[in-house]
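Tertiary structure, described
Chain by chain, the residues:
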Amino acid sequence: MQIEEEFKRFKQVREELGLTQSGFADELGIGATTADIERGRTRIPGQAVKELLKKYHINPLWLFGDSAQKHLYSDKVSVTPKVVTVDNAGKENIVLVNAKAAAGYPNNIGDAQWFESLPAFSIPLPEFRNATFRGFQVDGDSMQPALHSGEWIVGKALDDWDNLSSKQMYVVVTVDSILVKKIQKEADSQFINLISLNPEYMPIRVDRNDIREIWLVNSKLTFDLESGGKEVSLQGLYQEMKEMRAEMKKLVKG
């Protein structure tokens, strides 16, 4: 019974990561034995157990049914991209993920063919060299006034948690969603808080082990310039009105 649990949990990890059997085998460096493990034909090799612990912090005791604790926490959680695509010259593309494609992103995070089906482009500027970049379409108003629904942002891939700043915005890919937020770390905790700029949205508390990728938002593409200009004007007018009210209250009290 415990051996059957081992195969089920192995398959569960793969499905939560959104990886195919062959993709999972590549991640773990175990060749094409993943399918046999899930069918119960062979035990999980030590190499796979080591990589599951190293890359995804999977508790070996949980994997073999001897513990209820799934993850062993570590500050070094891997958040690097699982797939990158290149052009005919071998240079990395900037893949564009629109709002519709974002819904399927977490489930296809390790599927190279899925990413190759998405539109891609390159920007011949020095700011977009020597790193991996990806374009995401903003969906919703949680990051207003900085970002508006329908706009495009370009994210720069991060390697780990050390470079995170509470002052920056990030694209956070979890096991089931893509979120654009600021990140607030919790001291001595495996959880982080995802913060919206729009005060109507409450912070989202997320386990670090449920995060697959993090992209630093370093640029924005917008096409509705006329609308943006009007919005800035209205915001300025609103601020001036607030200041006038404050001055009037001072005069009345005086």
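Rules of the game
Residues numbered from 1 in each chain as written. Predicted model: local features only at pLDDT ≥ 70, side-chain atom pairs only at ≥ 80, totals over all residues. Heavy atoms only, no water. pLDDT = per-residue confidence, 0-100. Contact = heavy atoms within 4.5 Å. Helix = DSSP H or I, 4+ residues; strand = E, 2+ residues; numbered from the N terminus. Phe/Tyr/Trp six-rings, centres within 6.5 Å; stacked < 30°, edge-to-face > 60°. Buried < 20%, exposed > 50% of the residue type's maximum accessible area, 1.4 Å probe, protein only. Pairing = 2+ DSSP bridges. Salt bridge = Lys/Arg side-chain N within 4 Å of Asp/Glu carboxyl O. Core = buried A, V, L, I, M, F, W, Y, C linked by side-chain atoms within 4.5 Å. Axes fitted to C-alpha atoms, helices over the stretch in contact; angles between N-to-C directions. Parallel < 35°, antiparallel > 145°, perpendicular 65-115°, else oblique. Nonpolar A, V, L, I, M, F, W, Y, C, P; charged D, E, K, R; others polar. Arc of directions from axis to C-beta.

Description of the confidence of the model for the chain
The predicted coordinates ought not to be read in detail in places where the model reports low pLDDT. For the chain, the average pLDDT comes to 84, and 84% of its residues sit at 70 or higher. Predicted confidence for residues 228-233 stays below pLDDT 50, and this span has two contacts to residues more than four positions away or in other chains.

Observations regarding the side chain of R9
Within the element layout of this structure, R9 appears in helix α1 (residues 2-17). Those residues in contact with R9 that sit more than four places away from it in its chain are W62, L63, G65 and S67.

As for the packing of aromatic side chains
For the coordinates displayed, the defined rule picks out seven aromatic pairs. Taking 6.1 Å as the distance between ring centres and 85 degrees as the angle between the ring planes, the aromatic pair formed by Y105 and W114 counts as edge-to-face. There is no split in this pair, since Y105 and W114 are both buried. A ring pair is formed by Y105 and F136, whose centres lie 5.9 Å apart and whose planes are at 50 degrees; its orientation type is tilted. Separated by 31 residues along the polypeptide, Y105 in the loop between α6 (99-102) and α7 (112-116) and F136 in strand β3 (residues 133-137) bring together distant segments of the chain. Residue F136 is classed as buried on the basis of its relative accessible area, which comes to 3%.

Some details on the sheet that holds strand β7 (residues 191-195)
Ordered in space as β2-β1-β3-β4-β9-β5-β6-β7-β8, the nine strands form an open sheet in which the pairing is mixed. Either end of the sheet is taken by a strand with one partner, and the two such strands are β2 (120-121) and β8 (204-207).

Some remarks on the pattern of salt bridges
Within the structure shown, the criterion is met by 10 salt bridges. Across the salt bridge formed by K55 and E51, the nearest N and O atoms sit 3.9 Å from each other. Of this pair, K55 and E51 both sit in helix α4 (residues 46-56), four residues apart, roughly one helical turn. Through salt bridges with shared partners, a single ionic network connects E27, E51 and K55.

Structural notes on the nonpolar core
Membership of the largest hydrophobic core comes to 23 residues, with the highest contact counts inside it found for V97, Y105, F136, I153 and V171. Every element with two or more residues in this core is listed here: β1 (94-97), α6, α7, β4 (152-157), β5 (169-174), β6 (178-185) and β9 (211-221). With three residues, the top contributor of residues to this core is β5. Those residues within four positions of Y105 in sequence are excluded, and the remaining contacts are V97, W114, F115, R134, F136, V173, I178, E213 and W215. By size, the runner-up hydrophobic cluster in this structure holds 18 residues, among which are F10, L19, A25 and W62.

Structural notes on helix α2 (residues 21-28)
Among the residues of α2, G23, F24, A25, E27 and L28 are the ones counted as buried. Two residues or fewer past α2, G29 is found with a positive phi of approximately 65 degrees.

Quick word on the packing of α2 against α4
At their nearest, the axes of α2 and α4 sit 9 Å apart, and the two run at 85 degrees to each other. Taken together, the axes of α2 and α4 lie roughly perpendicular to each other. Every residue of α4 that contacts α2 at F24, E27 and L28 is listed here: Q47, A48, E51, L52, K55 and Y56. Tallied by class, residues from the contact of α2 with α4 come to five nonpolar, one polar and three charged.

Some points on α4
Of all the positions in α4, only A48, V49, E51, L52 and Y56 are classed as buried. One side of α4 carries all its buried residues, which in axial view fall inside an arc of 165 degrees. Among the exposed residues of α4, those pointing more than 90 degrees away from its buried face are G46 and K54. Following α4 by one or two positions, H57 adopts a phi angle in the positive range, close to 60 degrees.

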